Structures are given as structure tokens and as C-alpha cells.
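Architecture and fold: a report
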Amino acid sequence: MPHIHPARAPSHLINLHLGNAASLRSAPQHIQAPIKQTQQAQCLIARQLTTMVSETAMKYAKDFLDYVNASPTPFHAVKSSKERLEKAGFVGIRERDNWNNKLKLGGKYYLTRNGSTIVAFAIGNKWKAGNGMALLGAHTDSPALRVKPKSRKYGEGKNFLQVGVETYGGGLWHTWFDRDLGLAGRLIVKQADGSYVSKLVHVDKPVLRIPTLAIHLDRQETFSFNKETQLFPIAGLAAAELNKDTPNDEEKKGEGFSPLASISERHHPAIVRKLADTAGVSADDIMDFEILLFDTQKACLGGINDEFIFSARLDNLMMSYCATEGLIEALSAPDALDNETGIRLIALFDHEEIGSQTAQGADSNLLPAVVRRLSTLFGVANTSVTAYEETLIKSMLWSCDQAHSVHPNYGAKYESDHRPEMNAGPVIKINANARYATNSPGIVLTQEVARGANVPLQLFVVRNDSSCGSTIGPMLSAALGARTIDMGNAQLSMHSIRETGGSHDVEHAVKLFRAYFQRYSELEDKIHVN
């Protein structure tokens, strides 16, 4: 069935021009009757198609809600993707192992780094060393508040328990005031045998809050605040925690020497107990943690016709979800890899919001190292020593990160001819100064994929008098030398604690990504540049 945009289906199918209405009314009854019957039948078909399209779009949108609600941190986002991949038959491997005897033609695999970045790939049955790959990158992190290494704070003469936090990324921090905040992340837990394991924790209830000052006490027209002293959550009243706090001196002496203060000395014991109880471990066994704050209000559908998604972390869990589902759907047919000559791969990176220059960021060696190892797979004795370079030049990277929808209240901020809309399809992002990696060959190939998938596309550039964001596209394009395009679904309120996206765009992106993986090997050598 051809794709019909729900908002456009009625005008596309119902408003069929079958002659002037006045002429039709004046025509004999035996002429009017069959024409009216045809119109009624066409209207019924249009309504049925619109309903079917809308139901499919809602299925994807609701599945995304489940994904984002289960993923308050990058660690949880990786867990969510990993669970879906495993259900689809992907097998976990490790970077530290030799892959030569583990990987098979037609196999599906995934690996993680730091628990916050995941790479998944499927190997075509006709893969040969030096062939090309369809690569798709996104990121798992979003701006957030992170608990400081020593977060134990008090306010107003030690009457309030407060938690020290630091800002991660470029958030719209004023949106974090007066929200019901939970705690999530990972704990490093000591085992009975002396080993240490990572354990995820998700305290999905309001524990913290950053209250605003009443307007009666400060009538400032522009809301301003100090991020160190006023972006400062309260966790409770100190009176409730009296006599529950720090171990006494005798207890500490019995523990022996510790290079660092204990976890319950650095953080409020009540917070540590809450994390331990939720994770099902002993507070005494928690050696350290990486904990982020998140908005406990669930992501949901909104708008008069459920055309919106109201959610935290749309940037960029929407693209992480669509990448995961697109890859899975591209492999759903039993014979999906029978004639595939390439490798289909997604990489969901951490730390994009802070520059990507970490071991698990896109500017690390992770993707180049994985591509290098895969490029020589199943090579025979005379495999070219340049197989890696051959693979790179035959490959393509789709850098997928959310884009800006035109804002009805701030229309002047957008370039007059490039005003993306929600629910109108993925947005190709272009910048003359290479803040995005898109170029014409990439646009042409992407358009061919979209044409076959019946997915609409949009174009975006920023105004010349406006700053431009960036993505993982340029850095990976430079590191790999593969043709690259930057794209993402349009949204409002980027980097707010609560963002707005289009519910139908989830389906658009999944369909586009699925088609990209299915068709890239076929299209790769049809666009000639060099």
C-alpha cells in the first residue's frame, strides 16, 4: 500500500475533480447517480486508508513511548536497545575477544562499550572483505543534571537535605525547576567474591525537586538564576534523617583504611539507601555510582488528534529507537541477508552532547576499529591489504540526530525557505561551513531510498545570522572518509526537560532506515563522483 500522510490523505484522495459541481447537479439523474456512487466509494477508501495509516503510525509512536520511558539514562537506553536486538536474534560479542571464529556470514551481533554505547550489525551472506557497509549513527545521551561525586549538602541551617548536581550538556536549565525528579544510572557493586559489577538503577518516583522562588519575593521580568547555588535540588527535611546518617567513629575504625570517604559519607545515606533498595543490593556494597536526575512524568501522546509526542530526551532517543527498529525490521524476513553483499550496522554513541571526545563517544576509535575488524572478515590468503580503505570508500554513514521544527511563535528565527514541520518526514540538514556533513551525492542517494519507501523528506539550513549546532556527522565523516548525510526528525523545545515531536514521524524514520539497510548495497555504485 502506498504511504499516505495522515494529515494529507483526505485532500489527496477525497477531493477528486469529477466535473463542475453545478454542472453535476443540473445533469440528468441517470448520470448523477453513478458519479455520486463513485465519489462515495472513493471517500470510503480514503477514510479506510487514512485510518490504517494512522493506526500504524500510532503503533510505532506508542512503542517509542515504551522505549523512552524505560530509558532515563544512556545506560538504560543501551539496555533497551540490547533487549530488542536480542529478541530479534542478535548475539552479544566483546571487543576484547578475537572475532575470527565467532562471526559467521548471515550472523547478527552487538557489542557495548562502557554500557552507554552500543554497536549492532548484520553480515550479508555474500559479504566479501573490502565490500561496503550501510552505517547509521545516533546518540544515547541528553542534557541532564548529574549527581556530584560529593553531593551531600544542607540548606537553611541544615534543615533541608540537598543534593549537589552538575550540569551535563547544554540544557534549557530553567525547565528543570518545579519538576518531579527521579534518580537513575549505574552502581558499581562489590560482590561476595571480591569482584565488582555494574548494576543499573531506576528510582522511578519523585525524590528531588528544584523549587522556584515565589513571584512575591522576586518580581524579575526575565527568570535568571545561578546554576551553582540555585539550580540545587532538595531531597527532604533533615529532621526525618536524624540519627540515620554517618557511621560513628568506632564503626569507621573497624573498616580499615579507605583512600576515599565512604559512599554514605560523600552522599546522603538516605539517597544511598534509596538507590540500594531499588537495585536490590546492600548499601554497604555500593562502591561508587553515576547517577542522573530525570523527569518522572511519562512520555505521552498529545495534541487534539494525538499528533504530538510530549517527552523528555526526544533528542536523541527518538533516533536511537528508530535506528534499532529500522535495523531489526530490515532483517525480519528469513531471506533478508541471502543476497546481501554488505554489512548493515548501527552505532548509538554516548557523550554527543558534550563533544563526543571520550572513549565511548563518536570521536573515539570505536566505529573505525569495528569497521576495520569487519572489513577483513572471511578474507582469503590473497585478501587485499587495503580492504579497510576499500570498505570505507564504498560505505555510507547516516548521522541521525533530531532537527528543529519551525516554531509558530518564533517564525523569524528560521530561514524563509527552510522551515521543517513535524509529521512531514525526516529533515536533511545542510551547512555550507560543514557543521553538518551532508553533500549532494548523499542527498541523491537518500532521496532514492525515500522514494522507494514512500517517505517524505525536508531540507534545513540555518539563517546566516544564526548559530548552527553540530552532530556526530562531521567528525565521523572525517575519520572514515565515507560519504555522509545528516538528518533527523523535526521537534520543538530541543534540550528542554520536556520536548515536543511528531507522532507520525516515528514511523517515517523507521521506514526510511529499514529501506536504507535493505537497498544501500544495490544503490551504492549507481552514484558516481570520483
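See the structure printed just above.
Before going further, it helps to spend a moment on helix H12 (residues 473-480). Residues Gly-473, Leu-476 and Leu-480 constitute the buried set of H12. Mapping the buried residues of H12 onto a view down its axis gives an arc of 75 degrees, with all of them on the same face. Looking at the buried side of H12, the elements it contacts are strand S4 (133-139), strand S13 (343-349), helix H9 (366-375), helix H10 (387-394), strand S14 (396-400) and strand S18 (483-488).

A general feature of soluble globular proteins is that nonpolar side chains tend to end up buried together. By size, the foremost hydrophobic cluster in this structure holds 57 residues, and its most contacted members are Phe-64, Leu-136, Ile-309, Cys-322, Trp-398, Phe-513 and Tyr-516. Discounting chain neighbours no more than four positions away, the residues touching Phe-513 are Leu-136, Met-319, Cys-322, Ala-323, Gly-326, Trp-398, Cys-400 and Met-487. Leu-187, Val-207, Val-272 and Ala-279 belong to the second-largest nonpolar core, a separate cluster that totals 32 residues.

What follows covers the sheet that holds S13. The strand order across the open sheet built from nine strands is S1-S2-S3-S13-S4-S14-S18-S16-S17, with neighbouring strands paired in mixed fashion. The sheet terminates laterally at strand S1 (91-92) and strand S17 (458-460), the two strands that pair on one side only. Across three bridges, strand S16 (residues 427-429) lies against S17 in parallel orientation. Bridging from a neighbouring strand, Ile-428 pairs with Leu-459 of S17.

What follows is about the pattern of salt bridges. Counting across every chain of the model gives 17 salt bridges. Linking Arg-209 and Asp-180 is a salt bridge whose minimum nitrogen-to-oxygen distance equals 2.4 Å. Separated by 29 residues along the polypeptide, Arg-209 in the loop between strand S8 (196-208) and strand S9 (234-237) and Asp-180 in the loop between strand S6 (160-168) and strand S7 (181-190) bring together distant segments of the chain. Residue Asp-180 is classed as partly exposed on the basis of its relative accessible area of 35%. In this structure, the salt-bridge partner of Asp-204 is Lys-298, at a minimum N-O distance of 2.5 Å. Of this pair, Asp-204 sits in strand S8 while Lys-298 sits in the loop between strand S10 (286-295) and strand S11 (300-302), and the two are 94 residues apart along the sequence. Residue classification places Asp-204 among the partly exposed positions, given a relative accessible area of 36%. One continuous salt-bridge network, built from bridges that share partners, spans Asp-63, Arg-84 and Glu-325.

A separate point is the environment of Asp-285. Among the secondary structure elements, Asp-285 is positioned in the loop between helix H7 (269-279) and S10. The contacts of Asp-285, once residues within four sequence positions are left out, are Ile-188, Val-189 and Lys-190.

The side chains of a regular strand alternate, residue by residue, between the two faces of the sheet. Across the five residues of S14, five count as buried, placing the element largely inside the fold. Side chains Met-396, Trp-398 and Cys-400 project from S14 onto one buried face, and the interleaved Leu-397 and Ser-399 project onto a second face that is buried too. As paired elements, S4 and S14 share four bridges and run parallel to each other. Bridged to Leu-136 within S14 is Trp-398.

As a further point, take the sheet that holds strand S20 (residues 499-502). Pairing is mixed in the open sheet, where five strands are placed in the order S11-S12-S20-S19-S15. The open sheet has two edge strands with one neighbour each: S11 and strand S15 (403-404). Where S11 and strand S12 (residues 308-311) come together, three bridges link them in antiparallel fashion. The residue of S12 that forms the bridge with Gly-302 is Phe-308. Taken strand by strand, helix H8 (residues 314-330) contacts S12, strand S19 (490-492) and S20, and its axis lies near 35 degrees from that of S20.

Here helix H11 (residues 440-453) crosses helix H13 (residues 505-523) at 120 degrees, and the two axes come no closer than 9 Å. Comparing the axis directions of H11 and H13 gives the class oblique. Crossing handedness for the pair H11 and H13: right-handed. Mapping the contact onto sequence places Leu-445, Glu-448, Val-449, Ala-450, Gly-452 and Ala-453 in H11 and Lys-511, Leu-512, Ala-515, Tyr-516, Arg-519, Tyr-520 and Leu-523 in H13.

The next point concerns the side chain of Ser-496. With respect to the helices and strands, Ser-496 occurs in the loop between S19 and S20. The class for Ser-496 is buried, based on a relative accessible area of 13%. A polar contact is formed between the side chain of Ser-496 and the backbone nitrogen of Arg-498, at a distance of 3.1 Å. Ignoring sequence-local partners within four residues, the contact set of Ser-496 consists of Leu-172 and Thr-175.

The next point concerns H10. Those residues of H10 that fall on the buried side of the exposure criterion are Ala-387, Tyr-388, Thr-391 and Leu-392. Taken end-on, H10 shows its buried residues confined to a sector of 135 degrees, consistent with a single buried face. If you follow the buried residues of H10, they end up packed against S4, H9 and H12.

The rules behind each value
Residues numbered from 1 in each chain as written. Predicted model: local features only at pLDDT ≥ 70, side-chain atom pairs only at ≥ 80, totals over all residues. Heavy atoms only, no water. Buried < 20%, exposed > 50% of the residue type's maximum accessible area, 1.4 Å probe, protein only. Helix = DSSP H or I, 4+ residues; strand = E, 2+ residues; numbered from the N terminus. Arc of directions from axis to C-beta. Contact = heavy atoms within 4.5 Å. Core = buried A, V, L, I, M, F, W, Y, C linked by side-chain atoms within 4.5 Å. Pairing = 2+ DSSP bridges. Salt bridge = Lys/Arg side-chain N within 4 Å of Asp/Glu carboxyl O. Axes fitted to C-alpha atoms, helices over the stretch in contact; angles between N-to-C directions. Parallel < 35°, antiparallel > 145°, perpendicular 65-115°, else oblique. Left-handed = near helix turned anticlockwise from the far one by under 90°. Polar contact = N/O pair within 3.5 Å; in protein donor to acceptor, adjacent residues only side chain to side chain.

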